[in-house]
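Residue strings, one per chain:
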Amino acid sequence: MAAERSGRPASGTVNPAGTRTGAAPLAAGLPASATEADGSAVVRVLSYNIRSMRDDQAALARVIRACAPDLVLVQEAPRFFRWRKAAECLARASGLVYVTGGATTAGPMVLAHLRAHVERTEDVLLPRTPGLHQRGLATAVVRFAGARLGVVSAHLSLDPRERYDQAGLLLERVAGLGVPHTVVGGDFNDRPDGRSFRRVAAVLGDGWAAEPWGGEFTSTPHAPRQRIDAVFATGGVEFLGCGVPHGLPGVRAADLRAASDHLPVLSALRVPAGG
């Protein structure tokens, strides 16, 4: 059965916390995961900088579970002592499985629901500028019934020049996956008017710009004032809603504040069959 299709959110203004006022609650309208009659799939993708799980891990797992994602594109996954055990614990607590990334990508990681069939994975380390943190990409190709989807989790540099170069390398990696449809989630350390963000958005569709839903701003949870985390997708992938899951049933404001120093971005995508 096809999932309920949501239109654009009801009209309203955006308050300083990044949520809409003067409109009906937005979160309830996000479509659930589904396989549709034409072979396409509705896929829920969560992008989340989890600050190496240094905050309230129970709150983090509750937020992820309440979002009911098919894919979680993690940034700042655990990457030091017993990092694999920490990743597996988070996946298990969230009702998901570990797919790829973590220490092997200097932070980005992919988790998935059992609904996703994983075809292949690749961990990528990006060129490093001396004196700056190593950065990488966690990538995979997955299938949801008849729909095939490339997946990339990214965390770009704090340095503007390096970040701009990494944005270009990210786009090269998307093109190199060899699939027509790809979703990218990440902490871009750049606002939508920044050079690196705009470089990515010139090639990939920005979920919030295409179909805004929930809240806009992702940093910081206690006083959100900027959007530096985003979900992008290649042409042909339809955004059905994308934003911070304020008001989503089961997602408590206290958990969002306690789980990490970033707010997550949840999106629902319709991925065409084939690929």
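None of these values were measured; they are calculated from a predicted model.

1. Observations concerning the layout of surface pockets
Reasoning step 1: Its volume calculated, the largest pocket comes out at about 290 Å³.
Reasoning step 2: Lining the largest pocket are 17 residues; nearest its centre among them are Glu76, Arg79, His133, Arg135 and His155.
Reasoning step 3: Grouping the amino acids of the lining of the largest pocket by side-chain chemistry returns 3 nonpolar, 8 polar and 6 charged.

2. What to know about the environment of Phe80
Reasoning step 1: By the element assignment, Phe80 lies in the loop between β5 (71-75) and α2 (83-93).
Reasoning step 2: Separated by 22 residues in sequence, Phe80 and Gly102 place their C-alpha atoms 9.1 Å apart.

3. Considerations on the sheet that holds strand β13 (residues 229-233)
Reasoning step 1: Reading across from one edge, β8-β9-β10-β11-β13-β12 is the order of the 6 strands in this open sheet, with mixed pairing throughout. The open sheet has two edge strands with one neighbour each: β8 (117-125) and β12 (205-206).
Reasoning step 2: Alignment of strand β10 (residues 147-155) against strand β11 (residues 182-187), held across 6 bridges, turns out to be parallel. Within β11, the residue paired with Ser153 across the bridge is Gly185.

4. Details of empty space enclosed by the protein
Reasoning step 1: A full pass over the atoms with the stated rule returns 1 cavity of 30 Å³ or more.
Reasoning step 2: The calculated volume of the largest cavity comes to roughly 50 Å³.
Reasoning step 3: As for the largest cavity, its lining consists of 13 residues, of which Trp208, Glu216, Arg227, Asp229 and Val265 are closest to the centre.
Reasoning step 4: Going through the elements one at a time, β13 and β14 (238-243) are the ones with two or more residues in the lining of the largest cavity.
Reasoning step 5: For the lining of the largest cavity, the element with the highest residue contribution is β13, accounting for 3 residues.
Reasoning step 6: Per-class residue counts for the lining of the largest cavity are 6 nonpolar, 3 polar and 4 charged.

5. Points about the pattern of salt bridges
Reasoning step 1: Within this structure, the stated rule accounts for 12 salt bridges.
Reasoning step 2: Where Arg115 meets Asp70, a salt bridge forms, and the shortest distance between an N and an O atom there is 3.2 Å. Of this pair, Arg115 sits in the loop between β7 (109-112) and β8 while Asp70 sits in the loop between α1 (57-67) and β5; the two residues are 45 residues apart in sequence, bridging distant segments of the chain.
Reasoning step 3: A salt bridge links Asp255 to Arg252; the shortest N-O distance between them is 3.2 Å.
Reasoning step 4: One network of salt bridges, with partners in common, ties together Glu36, Glu238 and Arg270.

6. Looking at the packing of α1 against α2
Reasoning step 1: Between α1 and α2, the least distance of the axes is 9 Å, while the angle of their chain directions is 50 degrees. In terms of their interaxial angle, α1 and α2 are classed as oblique. Along this stretch, α1 crosses α2, giving a crossing that reads as right-handed. The residues of α2 that touch α1, namely those facing Leu60, Ala61, Ile64 and Arg65, are Leu90, Arg92 and Ala93.

7. Things to note about the side chain of Thr139
Reasoning step 1: Secondary-structure assignment places Thr139 in strand β9 (residues 136-144).
Reasoning step 2: Of note is the side chain of Thr139, whose polar atom sits 2.8 Å from the backbone oxygen of Glu122.
Reasoning step 3: Setting aside chain neighbours within four positions, we find Thr139 in contact with Thr100, Thr121, Glu122, Val124, Val151, Val152, Arg173 and Leu177.

8. Things to note about the packing of aromatic side chains
Reasoning step 1: Summed over the entire model, instances satisfying the criterion amount to 4 aromatic pairs.
Reasoning step 2: Ring centres 6.5 Å apart and planes at 65 degrees place the aromatic pair Trp83 and Tyr98 in the edge-to-face group. Linking Trp83 in helix α2 with Tyr98 in strand β6 (residues 97-101), this pair joins segments that are 15 residues apart in sequence.
Reasoning step 3: Residue classification places Trp83 among the buried residues on the basis of a relative accessible area of 12%.

Thresholds applied
By convention here, each chain's residues receive numbers from 1 onward along its written sequence. Per-residue local features are limited, in this predicted model, to residues with pLDDT of at least 70; the limit for side-chain atom pairs, both in listing and counting, is 80 or more; totals at the level of whole chains, interfaces and linings are taken over all residues. With hydrogens and water excluded, all non-hydrogen atoms of the structure serve as input to the side-chain values. Cavities and pockets were defined on a 1 Å grid built over protein atoms only: a cavity is a set of grid points that admits a 1.4 Å probe from which the probe cannot escape, a pocket is an open set flanked by protein on both sides within 12 Å along at least five of seven lines, and lining residues are those with an atom within 4 Å of any such point. Grid points are joined across faces, edges and corners, and a volume is the space filled by probe spheres set on the points. Put simply, Ala, Val, Leu, Ile, Met, Phe, Trp, Tyr, Cys and Pro go in the nonpolar bin, Asp, Glu, Lys and Arg in the charged bin, and everything else, Gly too, in the polar bin. Think of it this way: any DSSP run of H or I at least four residues long counts as a helix, any run of E at least two long counts as a strand, and we number them from the N terminus. Strands are labelled as partners when DSSP assigns at least two bridges between them. Salt bridges are defined by distance alone: a side-chain nitrogen of Lys or Arg within 4 Å of a carboxyl oxygen of Asp or Glu. Only the contacting stretch of a helix is used when fitting its axis, a line to C-alpha atoms as for every element, and angles between N-to-C directions run 0 to 180 degrees. In this scheme, roughly parallel covers angles under 35 degrees and roughly antiparallel covers those over 145, while 65 to 115 is roughly perpendicular and the rest are oblique. Crossings are assigned a handedness: left-handed for a near helix turned anticlockwise from the far helix by less than a right angle, right-handed for a clockwise turn. Residues are treated as being in contact if the distance between any of their heavy atoms lies within 4.5 Å. Any pair of nitrogen or oxygen atoms within 3.5 Å is treated as a polar contact; in protein, a donor-acceptor pairing is required on top of that, and neighbouring residues in sequence qualify only through side-chain atoms on both sides. Each pair of aromatic rings taken from Phe, Tyr and Trp, with Trp reduced to its six-membered ring, is defined by centres within 6.5 Å and is described as stacked if the planes are under 30 degrees apart, edge-to-face if over 60, and tilted in the remaining cases. Between buried and exposed lies partly exposed: a residue is buried under 20% and exposed over 50% of the maximum accessible area for its type, with that area taken using a 1.4 Å probe on protein chains only.

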